[in-house]
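Structure assessment
Listed below, chain by chain, are the residues.
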Amino acid sequence: MRIAPNLAAIAAIATLSLATPALAALPVGATAPDIVTKAARGGKMFDFALKAALKKGPVVLYFFPAAFTSGCTIEAHEFAEAAADFEKNGATLIGLTAGNVDRIAEFSKLECRDKFPVGEASPTVIKGYDVALAAKAGWTDRTSYVIAPNGKIIFTLSQLNPAGHVQGTLDAVKKYKATKKG
């Protein structure tokens, strides 16, 4: 008689697991694929190249589903508040999305508060970084990376909740900086 409740519990867990797929992401130690894209900072468009940014130091690259959605706006505000800390620690910060890309210039000005750029994640970039949002075709999930100047990923966080992305990436940048001093 105890077997049936256990089987029911296992079936329920399996069903929930299928209903909420785990987010994928590149693992720590992987080589970050190159990125060249259009980006905006303070409403002004420019060409962003990952290789050029890595020459200056680590890059905090965060993917978000779409400009002007609630979680993405919260995350942009949090990154904007921490932008000076990233800069002080030698890191370049950029957000990429495939959702509402026609509004990234406006998003960079209003929600990123002119503090850091946001750019367009092409289908090639989405595939290369394994950040396709299962719930909405063509959009990116919420995944944050810290990439060392040698192109290796030193931190990954992939979860739709924006909580923890800013602190996790900032801690990884500080840890990287501390190891390079010694």
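Residues numbered from 1 in each chain as written. Predicted model: local features only at pLDDT ≥ 70, side-chain atom pairs only at ≥ 80, totals over all residues. Heavy atoms only, no water.

**Quick notes on the overall build of the chain**
The condition that has to hold: A run of H or I in DSSP becomes a helix once it reaches four residues, and a run of E becomes a strand once it reaches two; helices and strands are each numbered from the N terminus. Residue exposure (1.4 Å probe, protein chains only): buried if accessible area is under 20% of the type maximum, exposed if over 50%, otherwise partly exposed. Contacts are residue-level and defined by heavy atoms, with any inter-residue pair within 4.5 Å sufficient. Only the protein chains shown count as cover for residues, and all accessible areas are computed by the Shrake-Rupley method using a 1.4 Å probe.
Scanning the chain from terminus to terminus reveals six helices and seven strands. Ordering the α and β elements of the chain from the N terminus gives α-β-β-α-β-α-β-α-β-α-β-β-α. A total of 182 residues make up the chain; the buried ones form 43% of that total. Here the contacts in the chain between residues at least 6 apart in sequence split such that 68% fall between residues at least 24 apart. When the accessible surface of the chain is split by element, carbon and sulfur atoms take 60% of a total near 9,600 Å².

**Re the pattern of salt bridges**
One side chain can pair with another of opposite charge once the charged atoms of both are near each other. Quick note on the threshold: Definition used for salt bridges: Asp or Glu carboxyl oxygen within 4 Å of a side-chain nitrogen of Lys or Arg.
Counted by the stated rule, this structure contains five salt bridges. Between Asp47 and Lys38 there is a salt bridge, with its nearest N and O atoms 2.7 Å apart. Between Glu106 and Arg103 there is a salt bridge, with the nearest N and O atoms lying 3.1 Å from each other. When its relative accessible area of 35% is taken as the criterion, Glu106 is described as partly exposed.

**Section: the packing of helix H3 (residues 70-88) against helix H6 (residues 165-181)**
Defined as follows: Axis geometry follows a simple rule: fit a line to the C-alpha atoms, using only the stretch in contact for helices, then measure angles between N-to-C directions, giving values from 0 to 180 degrees. Working definition: roughly parallel below 35 degrees, roughly antiparallel above 145 degrees, roughly perpendicular at 65 to 115 degrees, and oblique for all remaining angles. Note on residue classes: Ala, Val, Leu, Ile, Met, Phe, Trp, Tyr, Cys and Pro are nonpolar, Asp, Glu, Lys and Arg are charged, and everything else, Gly too, is polar.
At their nearest, the axes of H3 and H6 sit 9 Å apart, and the two run at 10° to each other. Classified by the interaxial angle, the pair formed by H3 and H6 is roughly parallel. Residues Glu75, Glu78, Phe79, Ala82, Asp85, Phe86 and Lys88 of H3 form the contact with H6, whose participating residues are His165, Val166, Thr169, Leu170, Val173 and Lys177. Per-class residue counts for the contact of H3 with H6 are six nonpolar, two polar and five charged.

**Observations concerning the packing of aromatic side chains**
Test applied: Any two rings among Phe, Tyr and Trp, with Trp reduced to its six-membered ring, count as a pair given centres within 6.5 Å; such a pair is stacked if its planes are under 30 degrees apart, edge-to-face if over 60, and tilted if neither. Cation placement over rings: the criterion is NZ of Lys or CZ of Arg within 6 Å of the ring centroid and within 35° of the ring normal.
By the definition in use, this model includes ten aromatic pairs. Note on Phe79 and Phe86: the rings are 5.9 Å apart at their centroids and 35° apart in plane angle, and the pair reads as tilted. Since its relative accessible area comes to 0%, Phe86 is described here as buried. Three or more aromatic residues joined by ring pairs form one cluster here, namely Tyr62, Phe64, Phe68, Phe79, Phe86, Phe107 and Phe116. Note that Arg103 overlies the ring of Phe68, its terminal NZ or CZ placed 4.1 Å from the centroid. Positioned above the aromatic ring of Trp139 is the side chain of Lys136, whose terminal nitrogen or guanidinium carbon lies 4.8 Å from the ring centre.

**Quick notes on the environment of Gly151**
Here Gly151 lies in the loop between strand E6 (143-147) and strand E7 (153-158). Under the relative-accessibility criterion, Gly151 is labelled buried at 10%. For Gly151 and Thr31, which are 120 residues apart along the polypeptide, the C-alpha to C-alpha distance reads 5.6 Å. In this structure, Gly151 is in contact with Ala30, Thr31, Ala32 and Leu54, ignoring residues within four places of it in sequence.

**What about the sheet that holds strand E3 (residues 59-63)?**
Put simply, the rule reads: Two strands are said to pair when DSSP picks up at least two bridges between them.
Strand order across the open sheet formed by seven strands is E2-E1-E5-E4-E3-E6-E7, with mixed pairing between neighbours. Strand pairing shows two members of the sheet lacking a second neighbour, strand E2 (44-49) and E7, which therefore form its edges. Pairwise comparison of adjacent strand axes, ignoring direction, gives a mean angle of 25° for this sheet. Where strand E1 (residues 36-41) meets E2, six bridges bridge the pair, whose relative direction is antiparallel. Opposite Ala39, over in E2, you have Phe46 as the bridge partner. Packed onto the sheet, H3 meets E3, strand E4 (92-97) and E6 and runs at close to 180° relative to E3.

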